[in-house]
Amino acid sequence: METLVASTSETDIGITSSISWKIRVRRLLRSSRPYFAALGIGIFFVAWYLLVDVLKFWRFKELPGLVASVREWISLDPVYGVSLFTAKYYENIWASVYRVITAFVLATTSGIIIGVLMGWSRVFRALTFPLLEMLRPIPILAWIPLAILLLPGRETPIIGLTFLAAFFVTILNTLLGVRSIDEVYFRAARSLGFSEWAILFHVIVPGALPYIFVGLQIAMGACWFSLVASEIVSGQAGLGYKVWETYYSVQYETMVIIMATLGLLGYISSALVRMLGNRLMRWRTRILAGA
Amino acid sequence: MQAVRGGAVSVRKAGKVYDPEGLNVVALEDVSFEITPGQFCVVVGPSGCGKTTLLNAIAGFDKLSGGKILIDDEVLARADKAPKPGADRMVVFQQGALFPWKTVLWNVICGPVQQGRLSQKEAITQARELLGRVGLSKIEEQYPGSLSGGMKRRVEIVRALMNDPKVLLLDEPFRALDALTKSVVQEFLLELYDITPKTIFFITHDIAEAIFLADRIVIMTTRPGRVLKTVTVNIPRPRDYRVLTSPRFLQIEQEVREYIDSEARKAFNAGERELAQ
Amino acid sequence: MITPPIPVQMAPSGPTARTPLRRWLARIFTMEFALGVLSVGAVGLIWEYAQPMGIPFIENLPPLSKIAQTSRQLLSSQLYWEGWQYSLQRITGGFLIAQAVGIPVGLIMAMNRASFETLFPIVEILRPIPPVAWIPISIVFWPTRELSVLFIVFLGAFWIVVLNTIGGAANIDPNYKRAALSLGSKPSDMFWRIILPATVPSIVTGMAVGIGIAWEMVVAAEMVAGRTGLGYLLWQSFEINAIAQCIVCMISIGFAGFVSSQLIRIFGSYVAPWQRR
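Keep in mind the model is a prediction, meaning the values are calculated, not measured.

J.: Help me understand the overall build of chain C, please; the structure alone is not making it clear to me.
T.: The number of helices and strands found in chain C is twelve helices and zero strands. Listed by position from the N terminus, the elements making up chain C come as α-α-α-α-α-α-α-α-α-α-α-α. The C-alpha atoms of chain C give 24 Å as radius of gyration, which overshoots the globular expectation for 277 residues (19 Å, by more than 25%). Expressed as lengths along the three principal axes of its C-alpha atoms, the size of chain C is roughly 75 × 65 × 30 Å.

Structure follows, in structure tokens:
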């Protein structure tokens, strides 16, 4: 059980061993993991198929069927105009992805800077922490009216809200990360004659990086969450908007496609962040022999 | 043997009280002793005897409440005036403070480079030489996370010595090592001491370790910490593990244990724990 | 809430206070407190006088005094408190169901390898789909609006609960389990006395995070699909351009979220009293 979380948790950041990936794939195939995974996923789809396509009992008859949804997704000429082979699909994807990337980059860079400052300087933290703690509990979606009111145009409110969600999460995790650094490293750095800037670059930032990357993964999830919500409310294109549109026009198969796409994009983006973290934190190697 | 430049430590009536308005915990009371330049001084005592407090006061991580500490006849620490931590009093920490996100080489050279004493190139050359002399050259590019405990301690000692401190402070550095690794690293420290003698201030609760390493042992009582006795260890250097079973060693050990046993029992019965960190 | 973990200086660094009352006051009215008041006050002032001062974005907001006035109005209106009631009902309902389903699922997954390997991939596939995207399907599937809102609240909190439970149960120090086995515990003992208590802190963390997510979900669901509740009120105020009312709703929801998080942490310290900082 001890290895369960280390290898599969969402927040795993780079306990990578130095074994080559070929060996790892071979080990994976020999273990029981992929077969159980297939079983689990299979159960899900079989249940979907049985309950909706075949049995159609109770409310399940209202839901889009598995076969119909998949068929729509891979068809060259889909009934509702959205499939893997249509431009509209990718247009919507790009609209959403563009917003997420913009907001994410802005939020994380500013969030990390502010978080580090807050962790480093008592004065700065005393000035900003109360404000942060007052604004943070307000659900992101509750900001929608203000965002529409204050920010010009159509794109900016959506990006603004997405930014806000990621911003708070990043600051918080960066702050926690800086505070989590063992005091002994600061003492060692001072004894070694590090200037305050040197401490910032060589102790605080690398030391907080694990927490920062956990924060980045959560921030990515928060971005998608607020993006979809704000698109539903005020968008014209984008996956969130499309979800709602397909609901109103009773194109449920397409709705399933969009939902699945959202899930996929969310997973890929989190995975990318995680992989970036693994690269930057190579020093977190698993001690194989347990010294 | 290199000539030793300075590093005389004088502790005069040092006192430390935690939380004087509240719990009034007296960690140190009227502690006085002298360390001559280049001497290997070990402070032994049970938990709660204030040895870490004393080390922190010299290093600059904490303030004394009374008394003074001088280095080379200059006042270093006084009541409510703590010195800034610095490379002249390098510390080797108990739980290890190698920066895990930097390579061994960077860890070793960072002190002189950050202080501006050496350029990067010079520091790397010197570091490689020192690491080579003690047999650690192959691990230069590795990260501390992949080193064993004994290796990490050795690298940390080398890092400390690279800064040419006046006093080397070691805070129970080998506490977490197993007994076999411990004696290897102890011999390692002694080798380095023989090559470049420095004033060393070493604290431990391990009596055998103290006698093996020290020129002089300062035995402290349990809380409130006072100096119980100082013992001179005149076993000749260089020393190796055979010293551990020599008659002279056992004689000194007998002497130290007689003094320390009652203090250890008192600490045990009082449920003493280390307060200072 | 984050407790500022500033390294505790054992000796008081400010003027030493004499009486307990004065010490308590000294601890609260610190520099941190003063600076906090300063920054919040400054923001308040800027907000109030944004219009006459002509500050770009904020001048479009109703000033602070209007907000205060509107709050008084709302606090005495029945609609407002009904909104609280509905939202709270949904939060509690969805949140509790998420705990009731999520904790057992998490525990089973943590203890049984087969169930973990089977269920986790599905969790990882479904989890990234933002719960907001589930709203339409939820409306389609569930017979009543209320149930569909509850489902969304449940879904948001569910993932967090499961992950945190697995994390806590899977990371129990194996030595605790071994000690229990040596002491002769049966599987039921192992579960109720070792695994469950050791997982509680993680579960509580999951709860604290989960309640925050639950509030997000409630607002989302109410804004989009509800007819009652604070979220719905918020959106309505916006639609009729009653911005001040809008802001008061925002603050109310934020306040509610904050209070519920704190309640959970208090609950956590009751349930896991051994976790003292």
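J.: Can you walk me through the overall build of chain A in this structure?
T.: A tally of regular secondary structure across chain A gives twelve helices and zero strands. Start at the N end of chain A and walk to the C end: the helices and strands fall as α-α-α-α-α-α-α-α-α-α-α-α. Seen through its C-alpha atoms, chain A measures out along the principal axes to roughly 70 × 55 × 35 Å. Looking at chain A as a whole, 45% of its 291 residues are labelled buried. Counting only contacts in chain A whose residues sit at least 6 apart along the sequence, the fraction spanning at least 24 positions is 71%.

J.: Honestly, the interface of chain C and chain A in this entry has me stumped. Any pointers?
T.: Interfaces are often described in size by the accessible area the parts lose on coming together. The interface is formed by 55 residues belonging to chain C together with 55 residues belonging to chain A. Put simply, the parts of the chain that give the side of chain C that touches chain A at least two residues each are helix 2 (31-48), helix 6 (113-126), helix 7 (135-141), helix 8 (145-170), helix 10 (187-225), helix 11 (230-239) and helix 12 (243-271) of chain C. Among the elements that line the side of chain C that touches chain A, the one with the most residues is helix 6 of chain C, at ten residues. For the side of chain C that touches chain A, the residue count by class is 44 nonpolar, eight polar and three charged.

J.: Would you mind showing me how to read the domain arrangement of chain C here?
T.: Segmenting chain C into domains produces domain 1 (19-52) and domain 2 (71-271). Inter-centroid distance (C-alpha atoms) of domain 1 of chain C to domain 2 of chain C is 33 Å.

J.: Help me understand the sheet that holds strand 4 (residues 66-71) of chain B, please; the structure alone is not making it clear to me.
T.: For sheets, the rule is that strands pair by backbone hydrogen bonds, running either parallel or antiparallel. Residue and element names in this part refer to chain B. Pairing is antiparallel across the open sheet formed by four strands, whose spatial order is 2-1-4-5. Of all strands in the sheet, those with a lone pairing partner are strand 2 (25-35) and strand 5 (74-78), marking the two edges. In this sheet, adjacent strand axes meet at a mean angle of 25° when their direction is disregarded.

J.: Honestly, the nonpolar core in this entry has me stumped. Any pointers?
T.: Nonpolar side chains tend toward joint burial in soluble globular proteins. Grouped together as the largest cluster of nonpolar side chains are 216 residues, with contacts concentrated most on Ala166(A), Cys223(A) and Val153(C). Tallying contributions element by element places helix 10 (residues 196-234) of chain A first for this core, with 21 residues. Residues within four places of Ala166(A) in sequence aside, it is in contact with Ala103(A), Phe104(A), Ala107(A), Thr108(A), Gly111(A), Ala219(A), Ala222(A) and Cys223(A).

J.: Even after reading the chapter, I still don't get the packing of helix 11 (residues 239-248) of chain A against helix 12 (residues 252-280) of chain A, so can you show me in this structure?
T.: A pair of packed helices is characterised by two quantities: the angle between their axes and the separation of those axes. Residue and element names in this part refer to chain A. Helix 12 packs onto helix 11 with a crossing angle of 160° between their chain directions and a minimal axis gap of 8 Å. With respect to helix 12, the axis of helix 11 lies roughly antiparallel. As helix 11 runs across helix 12, the sense of the crossing is left-handed. Residue-level contacts link Leu-239, Lys-242, Val-243, Thr-246 and Tyr-247 of helix 11 to Tyr-252, Thr-254, Met-255, Ile-258, Met-259, Thr-261 and Leu-262 of helix 12. Per-class residue counts for the contact of helix 11 with helix 12 are eight nonpolar, three polar and one charged.

J.: Honestly, the domain arrangement of chain A in this entry has me stumped. Any pointers?
T.: Domains assigned within chain A are domain 1 (2-68) and domain 2 (87-280). The centre of domain 1 of chain A, based on its C-alpha atoms, is set 27 Å off from the matching centre of domain 2 of chain A.

J.: What's the story with helix 2 (residues 104-115) of chain B in this structure? I'm lost.
T.: Where burial is concerned, most of helix 2 of chain B is hidden: ten out of the twelve residues are buried. Every buried residue of helix 2 of chain B is accounted for by Val104(B), Trp106(B), Asn107(B), Val108(B), Ile109(B), Cys110(B), Gly111(B), Pro112(B), Val113(B) and Gln114(B). Elements in contact with the buried residues of helix 2 of chain B: helix 10 of chain A together with helix 3 (120-133) and helix 4 (149-162) of chain B. Where helix 2 of chain B terminates, the next one or two residues include Gly116(B), which has phi positive at roughly 80°.

J.: Hey, could you run me through the environment of Ala188(A) in this one?
T.: Mapped onto the fold, Ala188(A) is located in helix 9 (residues 183-191). Owing to 27 C-beta atoms within 10 Å, Ala188(A) belongs among the buried residues under this scheme. Separated by 84 residues in sequence, Ala188(A) and Leu272(A) place their C-alpha atoms 34 Å apart. Residues in contact with Ala188(A), not counting those within four places in the same chain, are Phe93(B) and Ala97(B).

J.: Sorry, what's going on with the interface of chain B and chain A here?
T.: Listed by partner, the interface residues are 23 residues for chain B and 19 residues for chain A. Secondary-structure elements contributing two or more residues to the side of chain B that touches chain A are strand 6 (89-92) and helix 2 of chain B. Considering every element that reaches the side of chain B that touches chain A, the biggest residue donor is helix 2 of chain B, with four residues.

J.: How should the confidence of the model for chain C be read in this particular structure?
T.: Here chain C averages 82 in pLDDT, and 90% of its residues register 70 or above. Contacts for the low-pLDDT stretch residues 1-17 of chain C, under 50 throughout, to residues beyond four places or in other chains number 17 contacts.

Quick notes on the rules
Residues numbered from 1 in each chain as written. Chains lettered and ligands numbered in written order. Predicted model: local features only at pLDDT ≥ 70, side-chain atom pairs only at ≥ 80, totals over all residues. Helix = DSSP H or I, 4+ residues; strand = E, 2+ residues; numbered from the N terminus. Rg over C-alpha atoms; globule rule 2.2 N^0.38 Å. Buried ≥ 20, exposed ≤ 12 C-beta atoms within 10 Å, placed from the backbone. Contact = placed C-beta atoms within 7 Å. Nonpolar A, V, L, I, M, F, W, Y, C, P; charged D, E, K, R; others polar. Domains from an automatic or database assignment. Pairing = 2+ DSSP bridges. Axes fitted to C-alpha atoms, helices over the stretch in contact; angles between N-to-C directions. Core = buried A, V, L, I, M, F, W, Y, C linked by C-beta atoms within 7 Å. Parallel < 35°, antiparallel > 145°, perpendicular 65-115°, else oblique. Left-handed = near helix turned anticlockwise from the far one by under 90°. pLDDT = per-residue confidence, 0-100.

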